[in-house]
Amino acid sequence: MYKADSHVHSNFSGDSVERLENIAERAIKLGMDEITITDHLDLDYADGIKIFELDVPKYIETLKKLKETYRDRIKIKIGVELGLQPQLVRKYDGIFNCEDIDFIIGSFHCIKGMNVAGRKFFEKYSKDEAHRMYFEEILETIKLFPRINVCGHLDFINRYGKAFHNDYREINFELHKEIIDQIFIKLIKKNIGIELNTSGLRYGLKDFHPCRRNLERYKELGGKIITMGSDAHKASDIMKDFDKAREELKEIGFEKFCTFEKRKVEYRDL
């Protein structure tokens, strides 16, 4: 069984203080075959937040040294989690043209200039309106970024809105089914995958991102490219709940999960 975690953050991300060496050592202790560091680059973040403006040259240089240090013990890959917004199309050209980057996650943390984790987004809109805007923004924005490898933590919008909606964790799938289908169809046509992000369980939800219902629909529509990521911001969360994730994927009918190297997909047995 190939052990890989394709979504891990270090102290290069503004929301983590974990040292890269701790991450590497933890991965080795877990008997992992590879680990992909995917620190945040999220430009034009809402509310003037600047902590996700990654120092890319220093990041690449540091990870290349780390790869060399640990080359006989574990495979370390260089990734990045991009915060996607329509106005950022040209600003990420350097990332897409960088040959040192193995893997690119495209995620949606800001919608219409608002932080989905902040108060303003759910204060201004009803839960269903906010969810609708979130899915609409994904559909329109992924058209602009055909070179991402996977769409990150789809449907994670249900983490937020607690201050305003008692049922904030419940997505009305019947209401949003058509647009979610359109997202999956667009991703599949563009050969962009999704990730199974296990952090939903750590946020007190009852499911992963995407939830089982959406994973099943992705499979029904012909989706094959799916990575597994813990979204760990500390070393102790690396590969957290991966046994449950593997079993769920197999129950749904997936036989493989994916990793990436030099942005080329690699299929691994579950």
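Data block above holds the structure.
Criteria and thresholds
- Residues numbered from 1 in each chain as written.
- Predicted model: local features only at pLDDT ≥ 70, side-chain atom pairs only at ≥ 80, totals over all residues.
- Heavy atoms only, no water.
- Helix = DSSP H or I, 4+ residues; strand = E, 2+ residues; numbered from the N terminus.
- Buried < 20%, exposed > 50% of the residue type's maximum accessible area, 1.4 Å probe, protein only.
- Polar contact = N/O pair within 3.5 Å; in protein donor to acceptor, adjacent residues only side chain to side chain.
- Contact = heavy atoms within 4.5 Å.
- Right-handed = clockwise from strand over helix to strand, strands pointing away.
- Pairing = 2+ DSSP bridges.
- Salt bridge = Lys/Arg side-chain N within 4 Å of Asp/Glu carboxyl O.
- Axes fitted to C-alpha atoms, helices over the stretch in contact; angles between N-to-C directions.
- Parallel < 35°, antiparallel > 145°, perpendicular 65-115°, else oblique.
- Left-handed = near helix turned anticlockwise from the far one by under 90°.
- Nonpolar A, V, L, I, M, F, W, Y, C, P; charged D, E, K, R; others polar.
- Core = buried A, V, L, I, M, F, W, Y, C linked by side-chain atoms within 4.5 Å.

**Q** Whenever I open this one, the side chain of serine 16 confuses me. Can you help?
**A** Within the secondary structure, serine 16 is located in the loop between strand S1 (4–8) and helix H1 (20–29). Look at serine 16 and you get buried, because its relative accessible area is 7%. Separated by 3.2 Å, the side chain of serine 16 and the backbone nitrogen of glutamate 18 make a polar contact. If near-sequence neighbours (up to four positions away) are discounted, serine 16 is found in contact with His9, Ser10, Asn11 and His233.

**Q** Would you explain the pairing of strand S8 (residues 193–197) in this entry?
**A** Each regular strand carries side chains that alternate between the two faces of the sheet. For S8, the buried fraction is high: 5 of the 5 residues fall into the buried class. Of the two faces of S8, both are covered, the one formed by Gly193, Glu195 and Asn197 as well as the one formed by Ile194 and Leu196. Running through helix H6 (residues 173–189), the crossover from strand S7 (residues 150–151) to the neighbouring parallel element S8 is right-handed. Of the strand pairs in this sheet, S8 and strand S9 (residues 226–229) are connected by 4 bridges, and their pairing is parallel. Bridging across to S9, glutamate 195 finds its partner in threonine 227.

**Q** Sorry, what's going on with the pattern of salt bridges here?
**A** Working definition: two side chains of opposite charge can pair if their charged atoms are close together. Going through the model one piece at a time under the given rule, you end up with 31 salt bridges. The residue arginine 19 makes a salt bridge to glutamate 21 at a minimum N-O spacing of 3.4 Å. Given a relative accessible area of 42%, arginine 19 falls into the partly exposed group. A relative accessible area of 34% means that glutamate 21 is categorised as partly exposed. In this structure, arginine 212 and glutamate 248 form a salt bridge, with 4.0 Å as the shortest nitrogen-oxygen distance. Placement of the pair is arginine 212 in helix H8 (residues 212–220) and glutamate 248 in helix H9 (residues 242–252), with a sequence separation of 36 residues.

**Q** What exactly am I supposed to notice about the packing of H6 against H8 here?
**A** Helix packing for two helices is described by the angle between their axes and how far apart those axes are. Relative orientation of the contacting elements H6 and H8 amounts to 45°, with a least axis distance of 10 Å. When the axis of H6 is compared with that of H8, the two are oblique. The element H6 and its partner H8 pack so that their crossing is right-handed. Contact residues: Phe173, Glu174, Lys177, Ile180, Asp181, Phe184 and Ile188 in H6; Arg213, Asn214, Arg217 and Tyr218 in H8. The residue makeup of the contact of H6 with H8, split by class, is 5 nonpolar, 1 polar and 5 charged.

**Q** What is the right way to read the nonpolar core from this model?
**A** Nonpolar side chains in soluble globular proteins tend to be buried together. If you look at the biggest cluster of nonpolar residues, it comprises 86 residues, and the most contacted ones within it are Ile35, Leu82, Tyr92, Phe121 and Ile238. The biggest single contributor to this core is helix H5 (residues 127–142), with 7 residues. What leucine 82 contacts, discounting residues up to four positions off in sequence, is Leu41, Tyr92, Ile95, Phe96, Ile104, Ile105, Gly106 and Ser107.

From the geometry alone we can't say anything about function, so treat these as descriptive.
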